[in-house]
Amino acid sequence: QVQLVESGGGLVQAGGSLRLSCAASGRTLSTSYMGWFRQAPGKEREFVAGIAWSGDKTNYADSVKGRFTISRDNAKNTVYLQMNSLKPEDTAAYYCAARRWSWDISASTADHWGQGTQVTVSS
């Protein structure tokens, strides 16, 4: 029973920064591979970033590599996505996702999803 709640989205200008947070209601975050996904209108939900249980292994989509950083604080049951140098093409609804007892995650294999938080980047 894991519930994920995202926060931190908003409207920013190109080049700006946002930090998204994903808070889990359960105590199982430490055993879950966590990921961030995004979905723009009319497009497929795409992988953005992922992080392993210990936080020492991360993975990023090429489109955000070098600009976004995923991190986790298991004691706080929270995962973060620091987004820097934002571009208009980053505009999307961002979703936090979890996959229990796994070393990876995808849109089709995630066990739990948050409700999403909107990120809009103006040019």
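What counts and what doesn't
- Residues numbered from 1 in each chain as written.
- Predicted model: local features only at pLDDT ≥ 70, side-chain atom pairs only at ≥ 80, totals over all residues.
- Heavy atoms only, no water.
- Helix = DSSP H or I, 4+ residues; strand = E, 2+ residues; numbered from the N terminus.
- Rg over C-alpha atoms; globule rule 2.2 N^0.38 Å.
- Buried < 20%, exposed > 50% of the residue type's maximum accessible area, 1.4 Å probe, protein only.
- Contact = heavy atoms within 4.5 Å.
- Areas by Shrake-Rupley, 256 points an atom, 1.4 Å probe, with all protein chains shown as cover.
- Lys, Arg positive; Asp, Glu negative; His and termini not counted.
- Charge placed at Lys NZ, Arg CZ, Asp CG, Glu CD.
- Pairing = 2+ DSSP bridges.
- Axes fitted to C-alpha atoms, helices over the stretch in contact; angles between N-to-C directions.
- Disulfide = S-S within 2.5 Å.

## Regarding the overall build of the protein
Counting secondary structure elements, the protein contains zero helices and eleven strands. Seen in sequence order, the protein has helices and strands lined up from the N terminus as β-β-β-β-β-β-β-β-β-β-β. In terms of overall dimensions, the protein is globule-like: its C-alpha atoms have a radius of gyration of 13 Å, near the 14 Å expected for 123 residues. If you line up the protein on its principal axes, its C-alpha atoms span 40 × 25 × 25 Å. In the protein, which comprises 123 residues, the proportion classed as buried is 45%. Partitioning the intrachain contacts of the protein with sequence separation of at least 6 by distance along the chain shows that 57% fall at a separation of at least 24. As displayed, the protein has an accessible area near 6,400 Å², and 46% of this comes from carbon and sulfur atoms. A gap of 4 Å separates the mean positions of the 13 positive and 10 negative side-chain charges of the protein.

## Comments concerning the sheet that holds strand 8 (residues 78–83)
Pairing is antiparallel in the open sheet, where four strands are placed in the order 1-3-8-7. Each of the sheet's edge strands pairs with one partner strand only, and the pair in question is strand 1 (4–7) and strand 7 (68–73). Neighbouring strand axes in the sheet, compared pairwise and without regard to direction, differ in orientation by 15 degrees on average. Of the pairings in the sheet, the one linking strand 1 to strand 3 (residues 18–24) comprises four bridges and is antiparallel in character. Directly across from glutamate 6, in strand 3, lies its bridge partner cysteine 22.

## Concerning the state of the cysteines
Under the criterion given, the structure shown has one disulfide. One disulfide bridge connects cysteine 22 with cysteine 96, the sulfur atoms lying 2.0 Å from each other. On the sign convention where negative means left-handed, the S-S torsion of about -80 degrees between cysteine 22 and cysteine 96 marks this disulfide as left-handed. You can see cysteine 22 sitting in strand 3 and its partner cysteine 96 sitting in strand 9 (residues 92–100), a full 74 residues away along the chain. When sorted by exposure, cysteine 22 lands in the same class as cysteine 96, which is buried.

The values reported here are purely geometric and, on their own, carry no functional implication.
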